[in-house]
Amino acid sequence: MVAKVLLLHTGGTLGMVGTPLVPDAYGSRLLDAVPELLQIADIDIDIVCNLDSSDLGPAEWGSLASTIAACHEAYDGFVIVHGTDTMAYTAAALSYALEGLGKPIVFTGAQRPLSALRTDARRNLVDAVEVATTSVPEVTICFDGLLFRGCRAVKEDARSYRAFASPGMPPLAKMGIDLDISALVRGPTRAFASHPVFDPYVDVVYLTPGIRSDTVVRRLLDPQLRGLVIAAFGVGTVPAQIRGIAEDLRVAVDGGLEVVVVTQRGGKVDLRAYKSSEGLAEAGCIPGGTMHLEAAVPKLMHALARFDDRAARHGYLLRNVAGELG
């Protein structure tokens, strides 16, 4: 029996035209441009939006999750065409919003448009549709012959066809002569449910040497701010200027703000490992474990929107929901 796949188009370079590149209606003509996709699966196409990925955010994440949930039973798998710049954020968001996932949801895109002579779009589309017919029940990113867990992926190169990586974790599959699927693939542990909600009032502070304390304090004073992600050095270390505002952070956390600390590089955050980060732990900041920024931001947005109870929210942030913590 031929697998049935829904292809959701959101925009991105794959379907763009012109110089400079701009979104085009190419998404609606994908099957004409790549007819070999129909040799792999029975495909329906839905144009969810047609945007540069820099314009996709919490509202679009919720719309995508709702669309998939509404037709979850009608398809064997899903492919989402998405711009590369924020693909990892959207993939992580859907990893959280679609609980107990039992079918593949595969993100893909391209570094050059499908209309270009030397493009990576065709291969990425073929690989993604093939993965969508397999038993990989996760949200993934399929790019340049590799399949990554969506909530572990980062875009690491804007000028290479090998645009994505998953630092600290091997690919879930490799597409060579054969489709080699790893034993690391996660299966569902609970019934399927959709929670397509994200609170957009989350900000990020990316620490740099010499950063001024008032840079962070100004964020804390924003009355709309509900969550803050701090991208710290190493395993969570921060410069003296930030250590000096630990009391401000404690007051903000006591007032209801959720603060998650992640590392700018690989590894696991441990706020008790160095004296320079102890103040963050004592202020009530939550260690982000091995989450990358792309996974931490949508997870915090999702936690804030989904849980009114603070203890439940903290439990969710510390729990390995979709493999984002390894």
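Residues numbered from 1 in each chain as written. Predicted model: local features only at pLDDT ≥ 70, side-chain atom pairs only at ≥ 80, totals over all residues. Heavy atoms only, no water.

Caption draft 1: View of the packing of aromatic side chains. Following the criterion strictly, the structure yields four aromatic pairs and no others. Between the aromatic rings of phenylalanine 307 and tyrosine 316, the centroid separation amounts to 5.1 Å while the plane-to-plane angle is 45°, which identifies the pairing as tilted. Note on phenylalanine 307: relative accessible area 17%, which makes it buried. (Phe/Tyr/Trp six-rings, centres within 6.5 Å; stacked < 30°, edge-to-face > 60°. Buried < 20%, exposed > 50% of the residue type's maximum accessible area, 1.4 Å probe, protein only.)

Caption draft 2: Here's a closer look at the sheet that holds strand S1 (residues 4-11). Taken in spatial order, the eight strands of this open sheet run S4-S1-S5-S7-S8-S9-S12-S13, and their pairing is mixed. Where the open sheet ends on each side, the last strands, each with one partner, are strand S4 (42-51) and strand S13 (179-181). Taking each pair of neighbouring strands and ignoring which way they run, the sheet shows an average axis angle of 20°. Along the sheet face, helix H4 (residues 121-131) touches S1, S4, strand S5 (77-81), strand S7 (105-108), strand S8 (139-143), strand S9 (146-149), strand S12 (173-175) and S13 and points at about 175° away from the line of S7. (Pairing = 2+ DSSP bridges. Helix = DSSP H or I, 4+ residues; strand = E, 2+ residues; numbered from the N terminus. Axes fitted to C-alpha atoms, helices over the stretch in contact; angles between N-to-C directions. Contact = heavy atoms within 4.5 Å.)

Caption draft 3: Just the pattern of salt bridges, in detail. Under the defined criterion, the tally for this structure stands at 21 salt bridges. Close ionic contact of aspartate 144 with arginine 123 constitutes a salt bridge, the shortest N to O distance being 3.6 Å. Of this pair, aspartate 144 sits in the loop between S8 and S9 while arginine 123 sits in helix H4, and the two are 21 residues apart along the sequence. Between glutamate 324 and lysine 299 there is a salt bridge whose closest N-O contact spans 2.6 Å. A residue pair is termed long-range when its members are at least 10 positions apart, and glutamate 324 in the segment after helix H10 (310-318) and lysine 299 in helix H9 (residues 293-306) qualify at 25 residues. Each member of the pair, glutamate 324 together with lysine 299, is buried. Taken together, the salt bridges that share partners define one network made up of Arg123, Asp127, Asp144 and Arg162. (Salt bridge = Lys/Arg side-chain N within 4 Å of Asp/Glu carboxyl O.)

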